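Structural description and commentary
Listed here are the chains, written in short residue letters.
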Amino acid sequence: MRISTRLFAAASFAAMSLFAGAALADGDSIVFGTDATYPPFESLEAGGKFVGFDIDITNALCDHMKVKCTFVNQDFDGIIPALQAKKFDAIISSMSITPERQKIVDFTNKIYNTPPAIAVPKDSTIKEATNEGLKGKSIGAQSSTTHANYASAHLKDAQLKLYPSADEYKLDLGNGRIDAAIDDVVVLSEWVKSDAGSCCKMLGTLKNDPVINGAGAGIAIRKGDTALRDKLNAAIDAIRADGTYKKIQDKYFDFDVYGG
């Protein structure tokens with residue numbers, strides 16, 4: 001799960017959105033912003049098609065609501081300001097529901113909840129995913145994410161290096177330019193099982209920090225857009241109840257990604 005730290009840069013937009021009134025969805029179309037660089041949750045196929053768990057869940061929600069949904073690719077660091085500027089109606093991008101973010105955007109109920117984890121090269125001598133185990137080591141993270149914030153707070157003796165995207169820290173980890181990487185356990189687990197991630201292995205998962213990691217990943221909407229939030233929440237409940245959620249989950253994972 002990810003979280004942008006550019007919260008207060010968007011504060012003025014958030015204040016204006018309190019007076020924006022009803023949701024931007026016109027009854028037959030909702031536009032979602034996503035940073036499509038985060039497989040298996042959201043990514044782009046060669047032909048430009050959005051794919052991934054979050055994308056399939058969103059399409060299922062739109063099917064249930066009988067509306068058309070479209071996606072706009074947006075870098076994660078600027079995704080909240082783009083929402084506030086009305087570039088799209090909602091954000092579906094593995095975004096953590098945290099107390100800090102809830103000050104300036106509203107969220108649906110969670111879509112999933114998974115912990116952070118650490119990956120290292122296969123020949124690494126690092127033995128444990130702890131501050132002591134990573135002391136003096138360089139650790140990569142995508143900038144403006146909960147994982148970068150987590151490393152700053154809990155892995156203080158490591159040397160944190162920030163990257164614009166997950167693809168870039170993965171490249172540096174594979175090439176030996178950093179000693180470890182922190183990200184969502186699903187993202188790292190799927191990567192190390194792939195050809196691209198054959199360089200590396202999982203070191204271990206980390207205990208969620210409720211303040212930093214939040215209560216799971218949800219869909220973000222502008223403050224006060226209760227009509228859209230309520231429609232999405234009703235649709236989330238519906239696809240959980242009718243088995244659609246599990247069918248999509250089982251396409252991607254062999255465990256309960258919804259979490260506790």
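In this report, we go over the structure that sits alongside the text. (Residues numbered from 1 in each chain as written. Predicted model: local features only at pLDDT ≥ 70, side-chain atom pairs only at ≥ 80, totals over all residues. Heavy atoms only, no water.)

With that out of the way, let us pick up unusual backbone geometry. P39 connects to P40 through a cis peptide bond whose omega is 5 degrees. Within the element layout of this structure, P40 appears in the loop between β2 (37-38) and β3 (42-44). With a phi close to 60 degrees, K66 is a non-glycine residue in the positive phi region. Residue K66 is classed as exposed on the basis of its relative accessible area, which comes to 72%. Within the chain, S94 stands out as a residue other than glycine whose phi angle is a positive 50 degrees. (Helix = DSSP H or I, 4+ residues; strand = E, 2+ residues; numbered from the N terminus. Buried < 20%, exposed > 50% of the residue type's maximum accessible area, 1.4 Å probe, protein only.)

A few words on the nonpolar core. With 48 residues, the main nonpolar core has F32, F53 and L61 as its most contacted residues. No other element matches the seven residues that helix α2 (residues 53-65) contributes to this core. Both domain 1 (29-113 + 215-252) and domain 2 (116-205) contribute no fewer than three residues apiece to this core. Not counting chain neighbours up to four residues away, the residues in contact with F32 comprise T58, C62, C69, T70, F71, V72, F88, A90, I92, I219 and L232. (Core = buried A, V, L, I, M, F, W, Y, C linked by side-chain atoms within 4.5 Å. Domains from an automatic or database assignment. Contact = heavy atoms within 4.5 Å.)

Under the defined criterion, the tally for this structure stands at seven salt bridges. Residues K223 and D106 are paired through a salt bridge, measuring 3.1 Å at the closest nitrogen-oxygen approach. Of the two residues, K223 sits in the loop between β13 (217-222) and α8 (226-241) while D106 sits in strand β7 (residues 105-107), which places them 117 residues apart along the sequence. For the pair K223 and D106, a shared accessibility class is recorded, and that class is buried. (Salt bridge = Lys/Arg side-chain N within 4 Å of Asp/Glu carboxyl O.)

The subject of this paragraph is the pairing of β13. Across the six residues that make up β13, a large majority, six, are buried. Across four bridges, the pairing between strand β6 (residues 90-96) and β13 is antiparallel. When the sheet's bridge partners are listed, S96 is paired in β13 with A217. Pairing between β7 and β13: three bridges, direction antiparallel. Opposite D106, over in β13, you have I221 as the bridge partner. (Pairing = 2+ DSSP bridges.)

Moving on to the packing of α2 against helix α9 (residues 244-252). For any two helices packed against each other, the geometry comes down to the angle between their axes and how far apart the axes lie. It is at 10 Å that the axes of α2 and α9 come closest, and there the two elements cross at 160 degrees. It follows from the interaxial angle that α2 and α9 lie roughly antiparallel. Crossing handedness for the pair α2 and α9: right-handed. On α9, the residues that touch F53, D56, I57 and A60 of α2 are T244, Y245, I248, Q249, K251 and Y252. Partitioning the contact of α2 with α9 into residue classes produces six nonpolar, two polar and two charged. (Axes fitted to C-alpha atoms, helices over the stretch in contact; angles between N-to-C directions. Parallel < 35°, antiparallel > 145°, perpendicular 65-115°, else oblique. Left-handed = near helix turned anticlockwise from the far one by under 90°. Nonpolar A, V, L, I, M, F, W, Y, C, P; charged D, E, K, R; others polar.)

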